[in-house]
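Topology and contacts: notes
Here's the letter readout for the chains.
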Amino acid sequence: MIKKVIILIIFFLCVNIKSQETIKNIEPPFWWVGMENCKLQLMLHGNDIAKYEPSLKYKDVKIDSVKRTDNPNYLFVFINIAKDAEAGIVKITLKNNETEFSFNYELKLKNKQFKPNPVTSADAVYLITPDRFVNGNKENDSIEGYFEKADRSNIKFRHGGDIAGIKSKLDFIKDMGFTAIWPMPMLQSNMPIYSYHGYSITNYYNIDPRYGSNEEYLDLIKESHKKGIKVIQDMVFNQFGDTHFWTKDLPSKDWIHVWPEFTYSNFDGTVIPDPHSSTYDKKRMTQGWFDKWMPDLNQENPLVTNYLIQNTIWWVEYAGIDGIRMDTYQYNYKECMNEWIKRIKAEYPDLFIVGEVWMNYPEIISYWKKGTVNHDGFESELESITDFPIQATLAHVFTGQQSIYELYKVISRDFLYKDPKTNLIFADNHDVTRFFSYTEKDINKYKQIITFLATTRGIPQIYYGTEILMTGHSHEEIRADYPGGWEEDSVDAFTANGRTELQSEAYEFLVKLFKWRKNQEVIHSGDLIHFIPYNNTYVYFRENEKNCVLVAINNSNNDVELEYDRHKEILNKYSSGRNVITDENLNDLKKIIVKARNEIVVELYKN
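Summarised in this report is the structure supplied together with it.

Procedures and definitions
- Residues numbered from 1 in each chain as written.
- Predicted model: local features only at pLDDT ≥ 70, side-chain atom pairs only at ≥ 80, totals over all residues.
- Heavy atoms only, no water.
- Helix = DSSP H or I, 4+ residues; strand = E, 2+ residues; numbered from the N terminus.
- Rg over C-alpha atoms; globule rule 2.2 N^0.38 Å.
- Buried < 20%, exposed > 50% of the residue type's maximum accessible area, 1.4 Å probe, protein only.
- Contact = heavy atoms within 4.5 Å.
- 1 Å grid on protein atoms, 1.4 Å probe; cavity = no way out; pocket = protein on both sides within 12 Å on 5 of 7 lines; lining within 4 Å.
- Points joined across faces, edges and corners; volume = space filled by probe spheres on them.
- Nonpolar A, V, L, I, M, F, W, Y, C, P; charged D, E, K, R; others polar.
- Axes fitted to C-alpha atoms, helices over the stretch in contact; angles between N-to-C directions.
- Parallel < 35°, antiparallel > 145°, perpendicular 65-115°, else oblique.
- Left-handed = near helix turned anticlockwise from the far one by under 90°.
- Phe/Tyr/Trp six-rings, centres within 6.5 Å; stacked < 30°, edge-to-face > 60°.
- Lys NZ or Arg CZ within 6 Å of the ring centre and 35° of its normal.
- Pairing = 2+ DSSP bridges.
- Salt bridge = Lys/Arg side-chain N within 4 Å of Asp/Glu carboxyl O.
- Expected span 1.5 Å × (residues − 1).
- Polar contact = N/O pair within 3.5 Å; in protein donor to acceptor, adjacent residues only side chain to side chain.

The next point concerns the overall build of the protein chain. When its secondary structure is counted, the protein chain shows 17 helices and 26 strands. Relative to the globule expectation of 25 Å for 607 residues, the C-alpha radius of gyration of the protein chain, 27 Å, shows essentially globular dimensions. Overall, the C-alpha framework of the protein chain stretches about 100 × 55 × 50 Å when taken along its three principal axes. A burial count over the protein chain gives 59% of its 607 residues as buried. A separation threshold of at least 6 residues defines the contact pool for the protein chain, and within that pool the share at least 24 residues apart is 72%.

Quick look at the structure:
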């Protein structure tokens, strides 16, 4: 009897060793029962694994088909999981004429109680560069086996900011009036250089250990939700980092876009909706690479599309995120992105998804928004887009290149969108010049921009450090360390004592408006009625059945008195008001003066 037990132990040990030797990667690492889509594409990667035939015996779970590619080191197994299947461990056996071994695959129970809390125009989003925000755990600054170590002396290297740091500042973020955070990608990016930004992913299923662990990420989301803060995960489909195991061992020759010689994208999204664009230009746009160390994924390959879609679903179910920001949306195949959204929404109808569409013309970005009737018959499923036309116009107006009429003009094109209130609006982000730099450090212009973002239509997004007037032009400058985020910092701008007088003025202005905005339904969803700017002053109202708010932004060098007759279609319904910014009462709406290079936000009251 003892001899038989020993033989069985040796057998199972040998099987386990063989499994570990043969299988290098299994993705997704686990899955769930109870999903709307019952099919799972399991990617197995290992030496000559395509020579094996998979099988399993588990109630209500079966293998539908197997896909082999031109690379014998990959095997794609398509598994059907009935909706009423039970959670548990599925033993999958791989066998050929010479060898047989098995491995265990876990099927968890889908959380039927989980529903994402969608980001809406009632929210305000705080965008964070995790590596440069706060270093909450020094022990993970440099990790053995990872190329880049923390080095704050080099602006292009990692600096040590992490998940623990973000978690430690959730109250700070909440107290400013923000209701959602969007950290730049935190998945593993083990690249030799320039990895801190996170857009060159080398493992789609693991948080980079220099930020923390998957468990720490889950804890960040849990704590954020406790404080009423939603979490948007930044995702990347267009490209990946070239130290990913795929690069040395591509799942198939067409897994990425391959050119006779290295070819950049033309970076011109205009060619996609352009009815006259050439096939070459369209191909160059979607198939050219972002950079030499970022292989461009081929989403026309259904295995690639399936992999990416499943990865998104995995993170939503695993982490309980509320939204997704999709990087470089227009560089991906539009048909793939539509399928991605449809499958995600089938599982999580309330999940917020915003796509980065970096073009400065409403006519172009509206092509990508759901509800637009396009000339070529393409119907996008994307409900929210990044409003770069707003960003570009703010930059032009507040550098003096254009009058404030252009701000009126870009808003007047809202007829191009089915629902402009879902657009993500911003004055800067992690890719463009910080707006306190392009306004030449003018606090008055700063306040006018903040006023506009807090009161116009859309979902406002503020980049970390805007509240303390951080500046910068290059990528590294605009992603600088937040003063006080490191123990050794001599200045702590997270505290009132650590801010200069000007920083305090900016901080208090932003906080006052955004905390006020938080509970203003009229700002979230009320009608926007605006008037052609006169005297370089832009006047608009936000109105619903219960409330009305007057906003006036004077970008001229002279005081301006608002002409009552021009605005009386709104003003004659009200008798008084309160300036939200100054707390002053306005008892005579026929004589409203906006000081030079200043702004007012007035709650209007009836008799």
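Now that the structure has been shown, we can carry on.
Before going further, it helps to examine the layout of surface pockets. Computed from the structure, the largest pocket encloses a volume of approximately 450 Å³. Classifying every residue of the lining of the largest pocket gives nine nonpolar, seven polar and five charged. When its volume is computed, the second largest pocket comes out at roughly 350 Å³. In terms of lining residues, the second largest pocket is bounded by 17 residues, among which Asn 579, Thr 582, Glu 584, Glu 599 and Ile 600 are the most central. Only helix H13 (443-455), strand E24 (585-586), strand E25 (593-594) and strand E26 (598-605) provide two or more residues apiece to the lining of the second largest pocket. Of all the elements, E26 adds the most residues to the lining of the second largest pocket, at three residues. Grouping the constituent residues of the lining of the second largest pocket by class yields seven nonpolar, five polar and five charged.

We now examine the packing of H13 against helix H15 (residues 501-517). In the contact formed by H13 and H15, the axes pass within 10 Å of each other and the chain directions differ by 15 degrees. Between H13 and H15, the crossing angle belongs to the class labelled roughly parallel. Taken as a pair, H13 and H15 cross one another with a handedness that is right-handed. For the pair H13 and H15, contact is made by Ile 443, Tyr 446, Lys 447, Ile 450, Thr 451, Leu 453, Ala 454 and Thr 455 and by Leu 502, Glu 505, Ala 506, Phe 509, Leu 510, Leu 513, Phe 514, Trp 516 and Arg 517, respectively. Looking at the contact of H13 with H15 residue by residue, the class counts come to twelve nonpolar, two polar and three charged.

Here the focus is the packing of aromatic side chains. This structure, assessed with the given rule, holds 55 aromatic pairs. A centroid spacing of 6.0 Å and a plane angle of 85 degrees characterise the contact between Phe 133 and Tyr 464, whose relative ring orientation is edge-to-face. Of the two residues, Phe 133 is situated in the loop between strand E9 (125-128) and helix H2 (163-168) and Tyr 464 in the loop between strand E18 (459-463) and helix H14 (475-478); the sequence distance between them amounts to 331 residues. Exposure class is identical for Phe 133 and Tyr 464. Each is buried. When the centroid spacing of 5.3 Å and the interplanar angle of 65 degrees are considered together, the rings of Phe 237 and Trp 340 count as edge-to-face. Here Phe 237, found in the loop between strand E13 (230-235) and helix H5 (245-248), pairs with Trp 340, found in helix H8 (residues 334-347); they are 103 residues apart in sequence, far enough to count as distant. The lysine or arginine in question, Lys 169, covers the ring of Phe 494, its NZ or CZ lying 4.3 Å from the ring centre.

Here we have six strands laid out as an open sheet, ordered E19-E20-E21-E26-E23-E24, and antiparallel in their pairing. Only two strands of the sheet have a single partner each, and these edge strands are strand E19 (527-534) and E24. Pairing of strand E23 (residues 576-579) with E26, which is carried by four bridges, proceeds in the antiparallel orientation. Its bridge partner being in E26, Gly 577 is matched across the sheet by Leu 604. Where H13 meets the sheet, it contacts strand E20 (537-543), strand E21 (548-554) and E26, and its direction lies at approximately 35 degrees from that of E26. Against the sheet, H15 makes contact with E21, E23 and E26, and its axis sits at roughly 25 degrees relative to E26, the strand it touches most.

Further remarks concern the pattern of salt bridges. Throughout the structure, instances matching the rule amount to 38 salt bridges. Between Arg 152 and Asp 481 there is a salt bridge, and its shortest N-O distance comes to 2.9 Å. Pair noted here: Arg 152 is in the loop between E9 and H2 and Asp 481 is in the loop between H14 and H15, with a separation of 329 residues, a long-range link. By relative accessible area, Asp 481 is classed as buried at 17%. Here the salt bridges do not stand alone but share partners, grouping Lys 138, Arg 152, Asp 481, Glu 487, Glu 488 and Asp 489 into one network.

The next thing to look at is helix H7 (residues 302-319). Given a rise of 1.5 Å per residue, 18 residues ought to cover 26 Å, and the 26 Å separating the end C-alpha atoms of H7 matches this to within 8%. Of all 18 residues in H7, 17 are buried, a share of seventy percent or more. Of the residues flanking the start of H7, the one acting as N-cap is Asn 301, its side-chain oxygen 2.9 Å from the backbone nitrogen of Leu 303. Positive phi appears at Gly 320, one or two residues downstream of H7, with a value of about 75 degrees.

Here the focus is unusual backbone geometry. Pro 28 follows Glu 27 through a cis peptide bond whose omega is 0 degrees. Structurally, the position occupied by Pro 28 is in the loop between strand E1 (23-27) and strand E2 (31-33). Residues other than glycine seldom take positive phi values, yet Asp 48 does so here, at roughly 55 degrees. Inspection of the secondary structure puts Asp 48 in the loop between strand E3 (39-46) and strand E4 (53-56). Of note, Asn 535 is a non-glycine position whose phi angle comes to about 55 degrees, a positive value. Checked against the element boundaries, Asn 535 lands in the loop between E19 and E20.

Along the chain, Gln 188 falls in strand E11 (residues 187-188). Within the structure, Gln 188 has its side chain in polar contact with the side chain of Tyr 146 (distance 3.0 Å). Excluding anything up to four places from it in sequence, Gln 188 contacts Tyr 146, Ser 200, Ile 201, Thr 202, Asn 203, Asn 206, Ile 207 and Asp 208.

As a further point, take the sheet that holds E3. In spatial order, the strands read E1-E3-E6-E5; together these four strands make up an open sheet with antiparallel pairing. Two strands lie at the open edges of the sheet, namely E1 and strand E5 (61-67), each paired on one side alone. Shown here is a sheet whose adjacent strand axes are inclined to one another by a mean of 25 degrees, direction ignored. By the bridge criterion, seven bridges tie E3 to strand E6 (residues 74-81) in an arrangement that is antiparallel. By the bridge assignment, Met 43 is partnered in E6 with Phe 76. In the packing of H7 onto the sheet, the strands contacted are E1, E3, E5 and E6, and the crossing angle to E3 comes to about 105 degrees.

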